[in-house]
Amino acid sequence: NAGVTQTPKFQVLKTGQSMTLQCAQDMNHNSMYWYRQDPGMGLRLIYYSASEGTTDKGEVPNGYNVSRLNKREFSLRLESAAPSQTSVYFCASLRDRNSYEQYFGPGTRLTVT
Amino acid sequence: GQQVMQIPQYQHVQEGEDFTTYCNSSTTLSNIQWYKQRPGGHPVFLIQLVKSGEVKKQKRLTFQFGEAKKNSSLHITATQTTDVGTYFCVHDGSQGNLIFGKGTKLSVKP
């Protein structure tokens, strides 16, 4: 099993450009999450999907949209990138709400100039 | 959201010394989890504590949950260079997400 995979690993954008971060998991998990991590900070939740077909806002959703394409895939879109979105983005999955161990992908390092 | 405070923010130790990081909450927690993130890596689950006063051990790591379920600690005995990384205490948010503390960054000098 690959676990949680993310693409791309690195990306540089100019202000105003758009892009989609891809995440997939092969563990048949129901819930998926997008976090961002800024220097010296813990991780903050952007959006999550408790199950296929549902998405909800987390702590810092502004400037982002998500799509739960199917049970495996959960994408994060930046419509008009801003320098404040420079961060490391992690996708995570959880088997179900009764579980507690989240599995994280390797992250996408995004720089917006 | 409900925050947990972690101290210290940074800790530098000589290899072989012990290390402890503390996590404090102003409210009672249903559980606490600990994650480790190696430099350049992603968070990896270490353990979950649920019961008041619970103590769990993983080799040189000892995890403790306070009696009032408002604090927790992670103690590493005789640190090794492989222990380098940031240790986060984490608890469940209301959205099924995890709420991370800001972490304690451990560096180990050989």
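Before reading on, note that the structure itself is shown above.
Residues numbered from 1 in each chain as written. Chains lettered and ligands numbered in written order. Predicted model: local features only at pLDDT ≥ 70, side-chain atom pairs only at ≥ 80, totals over all residues. Heavy atoms only, no water.

Asks: What is the right way to look at the state of the cysteines in this model?
Replies: Cysteine pairs can be covalently joined through their sulfur atoms, and such a bond is termed a disulfide. All names here are of chain B. All told, the structure shown has two disulfides over all chains when counted by the stated rule. Paired through a disulfide, Cys 23 and Cys 89 show a sulfur-sulfur distance of 2.0 Å. Residues Cys 23 and Cys 89 are joined by a disulfide whose S-S torsion is about 70°; by sign, that bridge is right-handed. Note that Cys 23 is positioned in strand 3 (residues 19-25) and Cys 89 in strand 9 (residues 85-92), a separation of 66 residues in sequence. For the pair shown, Cys 23 and Cys 89 are each scored as buried. (Disulfide = S-S within 2.5 Å. Helix = DSSP H or I, 4+ residues; strand = E, 2+ residues; numbered from the N terminus. Buried < 20%, exposed > 50% of the residue type's maximum accessible area, 1.4 Å probe, protein only.)

Asks: Help me out: how do you make sense of the interface of chain A and chain B in this one?
Replies: Quoted interface sizes are often the accessible area lost when the parts come together. Across the boundary between the two partners, chain A contributes 21 residues, which contact 18 residues of chain B. Broken down residue by residue, the surface that chain A buries against chain B is led by Leu43(A), Tyr100(A) and Phe104(A), which jointly contribute 31%. The interface formed by chain A and chain B holds zero salt bridges in total. Where the side of chain A that touches chain B is concerned, the elements lending two or more residues are strand 4 (31-37), strand 5 (43-49) and strand 9 (87-94) of chain A. Residue classes in the side of chain A that touches chain B are distributed as 11 nonpolar, six polar and four charged. (Contact = heavy atoms within 4.5 Å. Buried area = accessible area lost by both parts, 1.4 Å probe. Salt bridge = Lys/Arg side-chain N within 4 Å of Asp/Glu carboxyl O. Nonpolar A, V, L, I, M, F, W, Y, C, P; charged D, E, K, R; others polar.)

Asks: Whenever I open this one, the packing of aromatic side chains confuses me. Can you help?
Replies: Here the distance between the centres and the angle between the planes together describe a pair of aromatic rings. Residue and element names in this part refer to chain A. On inspection of all chains with the given rule, the structure shows 13 aromatic pairs over all chains. Ring plane angle 25° and centroid distance 6.2 Å describe the contact between Tyr 33 and Tyr 35, whose orientation is recorded as stacked. Considered together, Tyr 33 and Tyr 35 belong to a single accessibility category, that of buried residues. A ring pair is formed by Tyr 35 and Phe 104, whose centres lie 5.6 Å apart and whose planes are at 40°; its orientation type is tilted. Of the two residues, Tyr 35 is situated in strand 4 and Phe 104 in strand 10 (residues 103-104); the sequence distance between them amounts to 69 residues. By relative accessible area, Phe 104 is classed as buried at 6%. (Phe/Tyr/Trp six-rings, centres within 6.5 Å; stacked < 30°, edge-to-face > 60°.)

Honestly, that's just the spatial picture; any functional story needs more than this.
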